[in-house]
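# Overview (structure and organization)
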Amino acid sequence: MKNKQVPNVTFQLRVRDESIEGDNPYRWEQLTTDTMFKGRRVLLFSLPGAFTPTCDTFQLPEFERLHSAFFTKGVEDVYCVSVNDAFVMNKWAKEQGVRNVRMIPDGSGDFTKGMGMLVEKHNLGFGLRSWRYAAIVDDGVVTDWFVEPGKENNCEEDPYGLTNPISILESI
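In this report, the structure presented in the accompanying data block is examined. A quick note: this is a predicted structure, and the numbers were derived from the prediction, not measured. (Residues numbered from 1 in each chain as written. Predicted model: local features only at pLDDT ≥ 70, side-chain atom pairs only at ≥ 80, totals over all residues. Heavy atoms only, no water.)

## Some remarks on the packing of aromatic side chains
Both the distance between ring centres and the angle between the ring planes are used here to describe each pair of aromatic rings. Here is the rule we go by: By convention, a stacked pair of Phe, Tyr or Trp rings (six-membered ring in the case of Trp) has centres within 6.5 Å and planes under 30 degrees apart, an edge-to-face pair has planes over 60 apart, and any other such pair is tilted. Secondary structure elements follow DSSP: runs of H or I no shorter than four residues count as helices, runs of E no shorter than two count as strands, and numbering proceeds from the N terminus. Burial classes: relative accessible area under 20% of the type maximum marks a residue as buried, over 50% as exposed, and values in between as partly exposed (1.4 Å probe, protein chains only).
For the coordinates displayed, the defined rule picks out 8 aromatic pairs. Relative to Phe63, the ring of Phe45 has its centre 3.8 Å away and its plane inclined at 10 degrees; by these criteria the two rings are stacked. Here Phe45, found in strand 3 (residues 41-47), pairs with Phe63, found in helix 2 (residues 53-65); they are 18 residues apart in sequence, far enough to count as distant. Take Phe45 and Phe63: they sit in the same class, and that class is buried. When the ring of Phe51 is compared with that of Trp92, the centres are 6.2 Å apart and the planes differ by 45 degrees; the resulting orientation is tilted. Taken together, the residues span a long stretch of sequence, with Phe51 in the loop between strand 3 and helix 2 and Trp92 in helix 4 (residues 86-96) at a distance of 41 residues. Judged by relative accessible area, which is 39%, Phe51 ranks as partly exposed. The exposure class assigned to Trp92 is buried, which follows from its relative accessible area of 0%.

Here you go:
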């Protein structure tokens, strides 16, 4: 995937809108990969799912904690992409207290498929999900690529090492 353009996808987000009254003050907003990546250097990481053990306990909290350290390496933003819908991603961010990492729901898996990282996890009852990976994307082009070994459908393992934020920091 290194030196390749990220796929052209439109994400469906739910964003807070103070002009909406009631218990659910959110509206739909579309976010394109062009808007996310054009003219910017960002860190993108993807994981199998919100609220899952490794993602919830280690990966997302560590990226949130080390967010400013990536800025010292020239990264302008950090995105977490998961094959989950906007409602799940928002709830997960709220429960994790995420303030710095931008949560990107890839509910249909189109972006993940375009990145070549969509895998079956039917053995765990997940359906289609993302293999764990991370990338530095500069102006829409992947310049650094980190992917966990053993990528396969219905994998019994859930490796987590190469996509650990500390490992990525040391590599860029």
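## Structural notes on the pattern of salt bridges
Which entries qualify depends on this criterion: Counted as salt bridges are all cases of a side-chain nitrogen of Lys or Arg within 4 Å of a carboxyl oxygen of Asp or Glu.
This structure, assessed with the given rule, holds 7 salt bridges. Salt-bridge contacts for Asp77 lead to Arg40; the nearest nitrogen and oxygen are separated by 3.8 Å. With Asp77 in strand 4 (residues 77-82) and Arg40 in the loop between helix 1 (33-37) and strand 3, this pair connects stretches of sequence that are 37 residues apart. When the shortest N-O distance is used, the salt bridge between Arg65 and Glu62 registers 2.8 Å. One end of the pair is Arg65 and the other is Glu62, both in helix 2 and 3 residues apart, which spans about a single turn. Members of the salt-bridge network, linked through shared partners, are Asp17, Arg27 and Glu29.

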